[in-house]
Amino acid sequence: MIRRRTIWLAALVAIVALGVLGAAMVVMLPDVVRRAAVWRLEALTDRRVTIDRVELNVFTGDVVIQGVEIADREEPVALARVELIKARVHRRSLLELHVWIDELLVERSSVRIVRFAGNRFNISDLLERPTPPPSRIGVTVDHLRVSDGTVVLEDRTLRPARTWKSERIAID
């Protein structure tokens, strides 16, 4: 009788511990994803990257990323900024190491490209890098929508320097 009670108590403790561990993972997962994304983007671009907030719903596959910013190397102004990214991920595809995004929405994004003397750009280092080896994780995007995008082109080789700006760019 005591042995049976001990087994039931041990099983109950294990179930409660797994429940607490699962709840902690769900609570900590957005911060882990945010930190991993910042680390990976910084490694790819060799620039400072910030992400303000990541929200994940593990039950629906909804992902919301707010405030992504990639710093420019030589200026205090951002190279690229995205206010809001929304996505719906097919959760089952993650088991096959494939990220299948049903819909990807990018809102209020901006990119700033600067041309310097010698036909160099503030993104030249990104374009001249060797192609990294292919990743084991595949990515598929079924539907991409960009709304309220901005592109700023600055040409400092001209005298006086000129800036062109395209706003309210939408892609569907």
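So, how was this worked out
Residues numbered from 1 in each chain as written. Predicted model: local features only at pLDDT ≥ 70, side-chain atom pairs only at ≥ 80, totals over all residues. Heavy atoms only, no water. Helix = DSSP H or I, 4+ residues; strand = E, 2+ residues; numbered from the N terminus. Buried < 20%, exposed > 50% of the residue type's maximum accessible area, 1.4 Å probe, protein only. Contact = heavy atoms within 4.5 Å. Salt bridge = Lys/Arg side-chain N within 4 Å of Asp/Glu carboxyl O. Pairing = 2+ DSSP bridges. Patch = residues over 30% accessible without salt bridge, like charges linked within 9 Å, V, L, I, M, F, W, Y side chains within 5 Å. Areas by Shrake-Rupley, 256 points an atom, 1.4 Å probe, with all protein chains shown as cover.

Describe the side chain of glutamate 154, with residues and values.
Along the chain, the position of glutamate 154 falls in strand 6 (residues 138-155). The exposure class assigned to glutamate 154 is buried, which follows from its relative accessible area of 17%. In this structure, glutamate 154 is in contact with Arg112, Ile113, Val114, Arg115, Arg162 and Thr163, ignoring residues within four places of it in sequence.

Tell me about the pattern of salt bridges, residues and numbers included.
Here the structure, examined in full by the defined rule, presents 20 salt bridges. With a shortest N-O distance of 3.6 Å, glutamate 154 and arginine 112 are connected by a salt bridge. Within this pair, whereas glutamate 154 is found in strand 6, its partner arginine 112 is found in strand 4 (residues 98-116), the two being separated by 42 residues in sequence. Assigned by exposure class, glutamate 154 and arginine 112 land together as buried. Through salt bridges with shared partners, a single network forms among Asp72, Glu75, Arg112, Glu154 and Arg156.

Provide a residue-level description of the pairing of strand 6, including the pertinent values.
Alignment of strand 4 against strand 6, held across 15 bridges, turns out to be parallel. Bridged to valine 106 within strand 6 is valine 146. Note: strand 6 against strand 7 (residues 162-171), seven bridges, orientation antiparallel. Bridging across to strand 7, valine 151 finds its partner in serine 166. With antiparallel pairing between neighbouring strands as the criterion, strand 6 and strand 7 make up a hairpin whose turn holds six residues.

With reference to specific residues and values, describe a nonpolar patch on the surface.
There is a patch of nonpolar side chains on the surface, built from Leu9, Leu12, Val13, Val16 and Val20 and spanning about 470 Å² of accessible area. On the secondary structure map, valine 13 appears in helix 1 (residues 2-45).

Tell me what's going on with the environment of arginine 168, and back it up with residues and numbers.
Here arginine 168 shows up in strand 7. Classification of arginine 168 as exposed rests on a relative accessible area of 69%. Expressed as a C-alpha distance, the spacing of arginine 168 and glycine 149, which sit 19 residues apart in the sequence, is 5.3 Å. Excluding residues that lie within four positions of it along the chain, arginine 168 makes contacts with Asp148 and Gly149.

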